[in-house]
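What follows is each chain in one-letter form.
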There are 2 protein chains.
Amino acid sequence: MTEEARAFVPGHITGFFSAHPDESDPTKAGSTGAGLTLTDGVEVTVQQGNGPSLMLNGDAVEVEAVDRVLDALSAPAVVAAETDLPLGAGFGVSGALALGTALATNRVYRRRLSENELVTIAHGAEVQAGSGLGDVVAQARGGLPIRLEPGGPQDNHLDGIPARARVEYLTLGELSTEDVLSGDTELLSEAGKRALSRVVEEPTLSSFVHASRRFAREAELLTPEVAAVIQDVLAADGQASMAMLGETVFALGTGLTDAGYDPSVCATHPAGAMLK
Amino acid sequence: MTEEARAFVPGHITGFFSAHPDESDPTKAGSTGAGLTLTDGVEVTVQQGNGPSLMLNGDAVEVEAVDRVLDALSAPAVVAAETDLPLGAGFGVSGALALGTALATNRVYRRRLSENELVTIAHGAEVQAGSGLGDVVAQARGGLPIRLEPGGPQDNHLDGIPARARVEYLTLGELSTEDVLSGDTELLSEAGKRALSRVVEEPTLSSFVHASRRFAREAELLTPEVAAVIQDVLAADGQASMAMLGETVFALGTGLTDAGYDPSVCATHPAGAMLK
């Protein structure tokens, strides 16, 4: 049996989305929408052990989605994860933890599941935990994923924007995915459908950011602080919008730098989650 | 307009397959099966110009699948490609040329198509040219793709073996994909279905190589020279099979080296085709 396995999962910024709950089957619940996967991500190391336990950046934490993945794989694994991404700020860290744990645990415990089966387990765990709806399938694909249907890989039909970009981001605070998703999502889902049809019509980087910004406004998710930073980027001829769901501004190229901010810098990630 | 764009497409070794012709719609024709995408691949550079024209490793060549892609995109592009992979030897070079041309041409000529649309064009071009049935969708996904359904991305349902490996290969000669595919494919397709159900049951590297070797024998595609090299690798406790379709032996890890050969060395590629 392999003693240890590592997986890398890219971060994921959602630009816009529609929520699609399914009470009876979490693998069919999810979201449609589009986003950017990022070279900044989460590295997950799994060892056989007397867990389940999870350390994130050296601290013991509880992440329900990870517990559910380990439970589904009947694996009392010891999981250690490292990331430079901010937590609770719209980068899909919980989805990355769930997916990285699934990939690496399957290897260490020789569960002999396929990639789609592992993505389905991680997606279902994330949905049941209420911490995300679409990050896992996007992070499994990589690139700039367009989620055309909700659900796990059996149901979800993905496309992608064929592009690469430097990405800058600036996090102003935390925002609870659970709180937004457990509230009334009708307004945002209608706005998300309009944004999706725009990006399907014209799958380019600039139409993505434009549709994302319009979504953030129509869905009434913009905080005044986020709106002000986006305005500064636009005033400097840049392209920016808000990461869903976090109090985070992302910009293409040097948008935030040009506007006088000191952002984190990464790029879109050309590949999905991978064993290392 | 962007003056130039580059794309990298991984090579692809098919271990086993079943042919699924569709006379009326080339985007629905294709193959099921499984294979390995490779870090050795094809780099395609596209410029606006007075083409269509294609240079491969510095020589002017005609590749029907590339002509068809440029025709579908109404782009008189000048295409230059470089690869270390042997030609006509089962590495999906023609599929890589078609897919890389589609991705880079879409960017240079701002055709605003999505990833799936570009993969569909490249897949259809390859099928109509008769030079391949499943490489393009596998090369678009990366990793160790399992092709569960034939056809382009609208119809093809892909899964993957969650693994990475060092890959060695040795090419003994050329084998015409067109000749095999235009002959009677019933025997190989039946063998391919049996191999696929084995790998779906147990999606691991060793079950893949084992199913591939059995397929090569049952489909009666083994040449005596290829069979002898595979036998040498097995005798040295390695795992090897034949690349479909080429007079090429591939082995995992150090299989060919351990058997005393001097193979080319690469690894599985964790990502699909990408713009650079």
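The model shown is predicted, which means the values in this text are computed figures rather than measured ones.

Participant: Which residues make up the UniProt feature "domain: GHMP kinase N-terminal" (unreviewed entry) in chain A, and what are the values?
Facilitator: Within this numbering scheme, the UniProt entry marks residues 65-143 of chain A as carrying the feature "domain: GHMP kinase N-terminal" (unreviewed entry). Annotation note: span residues 65-143 of chain A, helix share 58%, strand share 8%, distance between end C-alpha atoms 23 Å.

Participant: Could you give me a rundown of helix H3 (residues 115-129) of chain B, with the residues and numbers involved?
Facilitator: Compared with the 21 Å implied by 1.5 Å per residue over 15 residues, the 21 Å span of H3(B) between its first and last C-alpha is a close match. Of all 15 residues in H3(B), 11 are buried, a share of seventy percent or more. The complete set of buried residues in H3(B) reads B:Asn116, B:Leu118, B:Val119, B:Thr120, B:Ala122, B:His123, B:Gly124, B:Ala125, B:Glu126, B:Val127 and B:Ala129. As for H3(B), its buried residues are in contact with helix H4 (135-141) and strand E7 (158-160) of chain A together with strand E2 (30-47), helix H1 (64-72), helix H2 (93-108) and helix H4 (135-141) of chain B.

Participant: Before we move on, could you go through the interface of chain B and chain A and cite the residues and values that matter?
Facilitator: On the side of chain A, 28 residues touch chain B, which itself brings 28 residues to the contact. Overall, the association of chain B and chain A removes approximately 2,200 Å² of surface from exposure, summing both partners, and the carbon and sulfur fraction of that is 48%. Considering only the side of chain B, the residues that lose the most area to chain A are B:Arg112, B:Glu115 and B:Pro162, jointly responsible for 25% of the buried surface there. At the surface where chain B touches chain A, the tally comes to four salt bridges. With a closest N to O distance of 2.6 Å, B:Arg141 and A:Glu115 form a salt bridge. Run the count over chain B and chain A and you get 16 residue pairs in polar contact (both at pLDDT 80 or more). Residue classes in the side of chain B that touches chain A are distributed as 13 nonpolar, seven polar and eight charged.

Participant: Any chance you could break down the packing of helix H6 (residues 186-201) of chain A against helix H7 (residues 205-218) of chain A for me, citing the residues and the numbers?
Facilitator: Residue and element names in this part refer to chain A. It is at 9 Å that the axes of H6 and H7 come closest, and there the two elements cross at 165°. Regarding the angle of H6 to H7, the classification is roughly antiparallel. Crossing of H6 over H7 shows right-handed handedness. Mapping the contact onto sequence places Leu187, Leu188, Ala191, Gly192, Arg194, Ala195, Arg198 and Val199 in H6 and Ser207, Phe208, Ala211, Arg214, Phe215 and Glu218 in H7.

Participant: Describe in detail the side chain of B:Thr204, supporting the description with residues and values.
Facilitator: When you line up the elements, B:Thr204 lands in the loop between helix H6 (186-201) and helix H7 (205-218). In this view, B:Thr204 contacts A:Arg112 and B:Ile161; residues no more than four positions away in its chain are not counted.

Participant: Can you lay out the packing of aromatic side chains for me, pointing to particular residues and giving the numbers?
Facilitator: Residue and element names in this part refer to chain B. Summed over all chains, the structure comprises 10 aromatic pairs over all chains. A centroid spacing of 5.8 Å and a plane angle of 55° characterise the contact between Phe17 and Phe215, whose relative ring orientation is tilted. Here Phe17 is found in strand E1 (residues 4-20), whereas its partner Phe215 is found in helix H7, with 198 residues between them in sequence. On the basis of relative accessible area, Phe17 is assigned to the buried category, the value being 4%.

Procedures and definitions
Residues numbered from 1 in each chain as written. Chains lettered and ligands numbered in written order. Predicted model: local features only at pLDDT ≥ 70, side-chain atom pairs only at ≥ 80, totals over all residues. Heavy atoms only, no water. UniProt positions renumbered as here; feature names shortened; annotations may be inferred. Helix = DSSP H or I, 4+ residues; strand = E, 2+ residues; numbered from the N terminus. Expected span 1.5 Å × (residues − 1). Buried < 20%, exposed > 50% of the residue type's maximum accessible area, 1.4 Å probe, protein only. Contact = heavy atoms within 4.5 Å. Buried area = accessible area lost by both parts, 1.4 Å probe. Salt bridge = Lys/Arg side-chain N within 4 Å of Asp/Glu carboxyl O. Polar contact = N/O pair within 3.5 Å; in protein donor to acceptor, adjacent residues only side chain to side chain. Nonpolar A, V, L, I, M, F, W, Y, C, P; charged D, E, K, R; others polar. Axes fitted to C-alpha atoms, helices over the stretch in contact; angles between N-to-C directions. Parallel < 35°, antiparallel > 145°, perpendicular 65-115°, else oblique. Left-handed = near helix turned anticlockwise from the far one by under 90°. Phe/Tyr/Trp six-rings, centres within 6.5 Å; stacked < 30°, edge-to-face > 60°.

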